[in-house]
Every structure is written in structure tokens, then in C-alpha cells.
Amino acid sequence: MSVLACRGLTVNIGGRDVVRNMDFTLSAGERLAILGRNGAGKTTLLHTLAGVRAPAAGVISICGTALAEQSAPQLARQRGLLLQQQNDAFPASVLETALVGRHPWLDRWSWESAADARLARQALAAVNLDGLEQRDVHTLSGGERQRLAIATLLTQAPQLALLDEPLAHLDLNHQVAVLNLLSRQAREAGLAVVMALHDINLALRHADRALLLFGDGGIEEGPVAEVMRSDTLSRLYGHPLREIADGEQRYFVPG
Amino acid sequence: MPTRRRALLVVAVLFLLALVSLGAALLVGSYAVAPSEIWAALNGGGDGMASGVILGLRLPRALAAFACGGLLALAGALMQVLLRNPLADPYVLGVSGGAAVGALFAMLFGLPLLLLHSGAFAGAMGAMLLVFGLARGDGSWTQTRLLLTGVIIAAGCGAVVALILSIAPEQTLRGMLFWLMGDLSHAATPWPALIVLGACLLATLPLARDLNMMARGDLIARSLGVSVARLRWLVYVLASLCTAMAVTTTGSVGFVGLVVPHLVRLAVGNDQRILLPAATLAGGALLVVADTLARTVIAPQQLPVGVLTALLGVPLFLYLLSRQPKGAQGGPA
């Protein structure tokens with residue numbers, strides 16, 4: 001069964017189409033990279049897929065049920081959304097912040113249990129934040145805060161992860177670590193991943209499929225090997241790109 | 001990690017503190033009473049004079065102080081979550097300004113106490129509906145729009161208040177100033193305020209974890225399954241109702257609504273499940289202590305209680321702030 005399905009999806013912002021009449025399905029364990037220039041609508045599309053923004057037309061289904069037919073808490077147990085920016089108005093500990101992900105799983109009067117805390121600690125360890133549980137979020141660096149947001153999403157334990165620039169603020173080693181973590185979750189737990197990425201070469205290695213947003217409603221979607229070519233990518237970014245092969249692995253460098 | 005046990009412990013400690021403050025308020029005053037007389041009076045016995053002072057004067061006033069302190073602290077905590085701003089207070093959206101206009105008009109025309117209270121409440125509700133209607137204008141209802149609308153309405157009310165003060169005759173001016181600073185000698189009966197306090201606190205408790213999510217941002221809350229639009233509306237109405245009830249009973253007592261939630265947050269964290277009941281109890285206790293001091297320090301003359309809340313709260317707040325480890329304070333680092 002598909003984890004995410006769109007039928008006739010049209011999304012627009014400011015009078016401009018991001019995608020037009022798009023049909024598309026994503027199965028468990030698949031990883032999709034969304035690529036496009038600044039302002040092409042990557043964030044808008046992710047928010048629409050997450051159900052926090054209404055599409056102009058079309059139907060989005062998550063785990064087989066249309067968004068309109070799901071209650072908000074039910075939806076929150078199935079899909080997680082990583083926002084592009086983390087913004088903390090109030091002080092909170094790292095552990096408390098990770099535990100936020102348990103909210104949709106708890107009854108109105110329930111408090112987080114030891115099992116919930118265990119999940120949160122596992123998620124923190126997975127992003128290398130173990131030992132920082134009691135730190136205030138305001139004392140974290142940008143990269144640490146970003147990894148905490150990813151840990152919160154893992155604590156939420158969704159079947160579909162919608163990630164808006166998951167690699168923002170991260171060092172090279174953490175970028176690869178986060179992508180490896182997501183790939184492992186996809187392989188072992190069947191997590192379906194949709195991520196807006198800026199790094200073409202990381203997308204090439206860590207995604208199964210790519211969705212190119214040309215910014216005028218035009219898209220190209222398919223397996224990375226098919227859609228990520230020097231001609232499509234050059235057109236996508238409006239800058240010539242050259243393809244370099246190193247054995248099996250392909251790389252794109254700005255021309 | 002927040003647990004139910006910790007919440008109960010915090011609430012129990014603050015409940016005891018509130019009881020102690022109420023006990024002190026009954027004990028202290030120009031007419032000396034012994035603790036045994038308080039006990040006797042509360043149990044329906046004791047001699048006439050002492051129980052008259054305790055039951056007729058001090059108890060209603062102490063309960064009114066407790067209710068208003070609790071209402072203001074609860075409203076402040078809710079406003080801070082609603083606006084996602086630790087510097088918000090119950091008055092920021094103009095509710096107290098509206099109440100002040102209503103109350104001062106009543107005083108200007110020498111209307112009786114009941115009409116003064118009705119005027120204050122009508123003014124508060126009027127300001128609330130005005131802000132609500134204007135902020136919703138285009139349906140977006142963003143925090144910035146709400147805050148701007150509220151601040152502008154508050155400024156408008158401030159101008160009307162200044163106008164009334166400048167045309168008011170000498171003999172009513174002092175009463176008006178006391179009302180504006182917050183004064184419990186007008187408090188007729190504590191029961192309406194106590195009932196509203198209990199009802200509003202009970203109404204917020206089932207929403208407390210949703211409020212935790214809302215404090216982290218609208219989009220995060222929505223992505224975690226919280227119906228933010230409905231919740232925001234509800235929180236706005238509850239906070240405004242609390243504020244309206246408090247200013248109707250005592251005038252605009254400052255500082256409690258801003259500082260008590262902040263203070264409690266420094267001590268117990270920002271989990272609304274603990275913060276809301278804890279701030280309510282702490283705000284009540286603070287206002288009882290402040291009012292007891294206000295009517296005793298330079299007795300027989302009385303001070304406006306709002307002056308005392310600031311004098312008590314400022315050093316306490318600065319002490320707690322300085323005790324925090326560096327970098328762990330509120331606000332962006």
C-alpha cells in the first residue's frame with residue numbers, strides 16, 4: 001500500500017503554480033528528494049503534503065486515507081513534518097523537546113511514560129545528542145538544534161517523514177550521518193521519506209527518486225538515475241552542470 | 001522530565017503557601033486577633049467583635065485578593081502562550097484599558113459601586129470583542145496582528161482614561177488613581193471572582209498539553225495534531241474573561257500577570273500542565289501578601305496594592321533571574 005498518494009494535485013502560492021495536476025505515489029521505505037531553486041515551492045509543497053496547508057485542487061492520501069477524512073491527531077501519528085526553522089520562544093530541556101513528538105500518541109490526560117522517555121532517549125542517541133538531555137534548547141548550537149528537531153520527528157515515529165531541508169546547519173559528517181540514519185529507517189522500519197535538499201550529490205546517493213520543481217508548475221519525477229541528468233539539472237538551477245563518473249557513482253559539478 | 005508526581009508535589013507546596021498567606025491575612029491588622037480566635041471564627045464560634053472583623057472584613061478581602069491574583073497570573077500565563085512571548089501580560093491586549101474606561105466613567109458620574117463594577121466588566125468585554133473582531137478581520141488571525149490590534153486598542157483606552165482624569169473633579173481623582181493602580185478596598189464580594197477562577201482553571205487543564213505544543217509554534221502544533229485555530233480562540237476568551245473579572249473586582253493591579261508566570265516558569269519549567277495551576281496559586285498568594293502589607297505597613301492609611309505587588313515582585317524576580325545558570329534564561333540566546 002502506498003504511504004503517500006496524490007491525485008490531480010495542484011498547489012499554488014502567490015498566484016503561481018508550484019505543481020499542476022500531479023499524480024504520484026510513494027511506497028513504504030522509498031526516499032524522495034525534492035529539488036528546485038529558492039522560491040520554487042519546496043516548502044509550500046511539503047506543507048501541503050503534510051496537511052497543514054490546503055491544496056488548490058486534488059486529493060492527498062496518507063496511509064490510504066484522504067487527508068480530509070482523517071482527524072488531526074490520527075494524521076499526526078502517520079506523518080511527521082520537519083520544519084525549515086526551529087524557533088523556541090520559551091526555555092525547555094532537550095529531552096522535553098524530543099518528547100513533544102509523543103503528543104499525538106497520548107490521551108488527553110496521560111503524561112509521558114517511561115516508555116515514551118525511552119523512545120526519546122533512543123532518538124537523541126541516534127542523532128548523537130545523548131548526554132545533552134537536560135540542556136536548555138537555547139544553549140544548543142544551530143546544528144545541535146537541527147539534530148534535536150530530527151530526534152523529535154523520530155520520537156513521533158511516523159510512517160511518512162516530510163523533511164524541509166533536514167541538512168540545514170549541519171556539518172558534513174552530520175549531514176551524511178543524518179542521511180544514513182534516514183536510509184536505515186527507510187530500509188529497516190519502512191519509513192517513507194520526502195526531503196527538500198540543496199545538495200544534488202547527496203540527493204543522488206541517498207534518494208531513490210527525485211522530484212524536480214521548475215517553479216512554473218512544471219515538474220519532472222522519477223528514479224534518480226532517470227531524472228537527475230546534467231541537462232535537466234542545468235535547466236532546474238539555471239546554471240550549467242557537468243556530470244563526472246567515478247566508477248558506478250555519478251557526480252555533478254557546476255560548469 | 002515532567003511527571004504527574006512532580007506536578008502534584010509543586011501544586012501541593014504552593015497550595016500550602018496559599019493557605020499560609022490567607023492565614024496571615026486573617027491574623028494581621030489594626031485590630032489584634034489571636035490564631036485561636038481565627039479558628040473559632042471560621043468554625044462559627046468566637047466572640048462577636050473578633051469574628052466580625054475576621055469573617056466580615058478580612059476573609060472576604062483576602063479571598064478577593066487571592067482570586068484576583070490567581071486570575072491575573074492565569075491570564076498572564078495564557079497570554080504568554082497565545083502570543084508566544086514571555087513578555088506578554090493580561091493587559092497587553094487592552095482588556096484592562098477597556099475596564100478602566102468603564103470604571104472611570106462610572107466614577108466620573110458618581111455611580112454606585114455595583115454600576116462601577118458593571119461598567120468595568122462591560123468595558124473589558126467591549127475591548128475584548130473589539131480586538132477579537134478587528135484581529136480576525138481578514139481571517140488570518142496571526143499573533144502579530146492580534147498583538148498590534150490589542151496594543152492599539154489599549155493605547156486608545158489609555159487616551160480616554162487620561163481624558164477622564166483631566167476633566168474629573170478633584171474629590172474623585174484620588175479614587176480613580178487608586179482604581180488604576182489596583183485597590184482591594186472596592187472589592188465587594190470575592191465569590192464571582194473565585195468562581196470564574198475555578199471554572200477557567202478547570203477549563204484550561206485538559207488543554208494544557210495542547211498549549212505546550214502551541215507554545216512551540218503554530219506549525220509545529222498543527223503538525224502534531226493540535227487544532228490551533230480553535231485552541232487560540234478558546235485561550236483568548238478564557239484569558240480575557242479572567243482579566244475582565246480581576247480588573248472588575250480590584251482595578252488594574254499591575255505586575256502579577258507578567259511576573260508570576262515568569263517566576264513560576266523559572267522555578268518549575270514551561271510545562272503548562274504544571275505552570276497553569278502553579279502560577280494560579282502563586283499569583284493568588286502573592287496578591288494576598290501584598291494586600292495584607294498594603295493595609296498594614298502605614299496603617300490606618302492604605303496603599304494601593306498594585307504598588308506593593310511591584311515592590312515585592314521586582315526584587316524576587318531579579319533574584320531568581322540572577323540565580324539561573326548563564327545561557328539558560330528565557331529569550332533567544
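As shown above, the structure is provided for reference.
Owing to the predicted nature of the structure, the values given are computational and were not obtained by experimental measurement.

J.: Could you give an account of the overall build of chain A, naming the residues involved and the relevant values?
T.: Helix and strand content of chain A: nine helices and 12 strands. Against the 2.2 N^0.38 benchmark of 18 Å for 255 residues, chain A shows a C-alpha radius of gyration of 18 Å, consistent with a compact globule. Projected onto its principal axes, the C-alpha coordinates of chain A cover approximately 55 × 40 × 35 Å. Residue burial in chain A is summarised as follows: out of 255 residues, 45% are buried. Sequence separation of 24 or more characterises 66% of the internal contacts of chain A that already satisfy a separation of 6 or more.

J.: I'd love a proper account of the packing of helix α3 (residues 48-82) of chain B against helix α12 (residues 256-268) of chain B, names of residues and values included.
T.: All names here are of chain B. α12 packs onto α3 with a crossing angle of 70 degrees between their chain directions and a minimal axis gap of 7 Å. For the element pair α3 / α12, the angle class is roughly perpendicular. From α3, G69, L72, A73, A75, G76, A77 and Q80 reach across to α12, where they touch V256, G257, L258, V260 and P261.

J.: Report on the pairing of strand β9 (residues 209-213) of chain A, specifying residues and quantitative values.
T.: All names here are of chain A. Within β9, five of the five residues are buried, leaving the element largely enclosed by the surrounding structure. By the alternation rule, side chains of β9 split into R209, L211 and L213 and A210 and L212, which are all buried. As paired elements, strand β3 (residues 31-36) and β9 share five bridges and run parallel to each other. The residue bridging L35 from the neighbouring strand is L212, located in β9. Of the strand pairs in this sheet, β9 and strand β10 (residues 219-223) are connected by five bridges, and their pairing is antiparallel. Directly across from L213, in β10, lies its bridge partner I219. Between β9 and β10, which pair antiparallel one after the other, the connecting turn spans five residues, and G215 there sits at a positive phi close to 90 degrees.

J.: Kindly report on the sheet that holds strand β2 (residues 16-27) of chain A, identifying the contributing residues and their values.
T.: Residue and element names in this part refer to chain A. Across the sheet, which stays open at both edges, the four strands sit in the order β2-β1-β4-β5 with antiparallel pairing between neighbours. Lying at the two open borders of the sheet, with one neighbouring strand each, are β2 and β5 (65-66). Across five bridges, the pairing between strand β1 (residues 2-13) and strand β4 (residues 57-62) is antiparallel. Along β4, the bridge assignment pairs A5 with S61. Strand contacts of helix α1 (residues 42-50): β1, β2 and β4, with the helix running at about 130 degrees to β1, the strand carrying the most contacts.

J.: Help me get a handle on the sheet that holds strand β7 (residues 160-164) of chain A, residues and values and all.
T.: Each strand in a sheet pairs with its neighbour through backbone hydrogen bonds, running either in the same direction (parallel) or in the opposite one (antiparallel). Residue and element names in this part refer to chain A. Strands sit in the order β6-β7-β8-β3-β9-β10 across an open sheet of six strands; the sheet is mixed. Among the strands making up the open sheet, the edge pair consists of β6 (79-82) and β10. Across the sheet, the axes of successive neighbouring strands diverge by a mean angle of 15 degrees, strand direction being ignored.

J.: Residues and numbers for the interface of chain A and chain B, please.
T.: Between chain A and chain B, the contact holds 25 residues from the first and 27 residues from the second. If you list the elements that add at least two residues to the side of chain A that touches chain B, you get α2 (72-78) and α3 (94-99) of chain A. At four residues, α2(A) tops the list of elements feeding residues into the side of chain A that touches chain B. Here the residues of the side of chain A that touches chain B sort into 17 nonpolar, four polar and four charged.

J.: With reference to specific residues and values, describe the environment of G251(B).
T.: Residues and elements named next belong to chain B. Take G251: it is sitting in the loop between α11 (228-250) and α12. The exposure class of G251 is buried, given the 31 C-beta atoms found within 10 Å. Between the C-alpha atoms of G251 and P304, which are 53 residues apart in sequence, the distance is 10.0 Å. The residues contacting G251, other than those within four sequence positions of it, are W179, L180, M181, G182, D183 and H186.

J.: Hey, could you go over the packing of α3(B) against α11(B) for me, with residue numbers and the actual values?
T.: Two packed helices can be described by the angle between their axes and the distance between those axes. All names here are of chain B. With their axes 8 Å apart at the nearest point, α3 and α11 run at an angle of 150 degrees to one another. Between α3 and α11, the angle is such that the two are roughly antiparallel. You can see that α3 and α11 cross each other, and the crossing is left-handed. Side by side, α3 and α11 meet where A64, C68, L71, L72, L74, A75, L78, M79, V81 and L82 of the first sit next to R232, V235, Y236, L238, A239, C242, T243, M245, A246, T249 and T250 of the second. Looking at the contact of α3 with α11 residue by residue, the class counts come to 17 nonpolar, three polar and one charged.

J.: Report on the nonpolar core, specifying residues and quantitative values.
T.: Residues and elements named next belong to chain B. L71 and C242 are the most contacted members of the largest nonpolar core, which totals 187 residues. By residue number, the principal contributor to this core is α3, which donates 18 residues. Not counting chain neighbours up to four residues away, the residues in contact with L71 comprise A193, V196, L197, C242, M245 and A246.

J.: Please set out the pairing of β4(A) residue by residue, giving values where relevant.
T.: Residues and elements named next belong to chain A. As paired elements, β4 and β5 share two bridges and run antiparallel to each other. By the bridge assignment, S61 is partnered in β5 with A66. Where β4 folds back on β5, the antiparallel hairpin that results is connected by two residues, among which C63 adopts a positive phi of roughly 50 degrees.

J.: For unusual backbone geometry, give the residues involved together with the corresponding values.
T.: In this structure, N128(A) is a non-glycine residue whose phi angle is positive, near 70 degrees. Relative to the assigned elements, N128(A) resides in the loop between α4 (114-126) and α5 (142-156). Taking the number of C-beta atoms within 10 Å as the measure of exposure, N128(A) has 16 and is therefore partly exposed. Residue F255(B) is not a glycine yet carries a positive backbone phi of 80 degrees. In this fold, F255(B) is placed in the loop between α11 and α12.

J.: Any details on α12(B)? Residues and values, ideally.
T.: A turn of α-helix holds 3.6 residues, and therefore any two residues three or four places apart point the same way. In this model α12(B) runs 17 Å from its N-terminal to its C-terminal C-alpha over 13 residues, within 8% of the 18 Å that 1.5 Å per residue would give. Among all positions of α12(B), only V256(B), G257(B), L258(B), V259(B), V260(B), P261(B), H262(B), L263(B), V264(B), R265(B) and V268(B) are buried.

Thresholds, definitions, all that
Residues numbered from 1 in each chain as written. Chains lettered and ligands numbered in written order. Predicted model: local features only at pLDDT ≥ 70, side-chain atom pairs only at ≥ 80, totals over all residues. Helix = DSSP H or I, 4+ residues; strand = E, 2+ residues; numbered from the N terminus. Rg over C-alpha atoms; globule rule 2.2 N^0.38 Å. Buried ≥ 20, exposed ≤ 12 C-beta atoms within 10 Å, placed from the backbone. Contact = placed C-beta atoms within 7 Å. Axes fitted to C-alpha atoms, helices over the stretch in contact; angles between N-to-C directions. Parallel < 35°, antiparallel > 145°, perpendicular 65-115°, else oblique. Pairing = 2+ DSSP bridges. Nonpolar A, V, L, I, M, F, W, Y, C, P; charged D, E, K, R; others polar. Left-handed = near helix turned anticlockwise from the far one by under 90°. Core = buried A, V, L, I, M, F, W, Y, C linked by C-beta atoms within 7 Å. Expected span 1.5 Å × (residues − 1).

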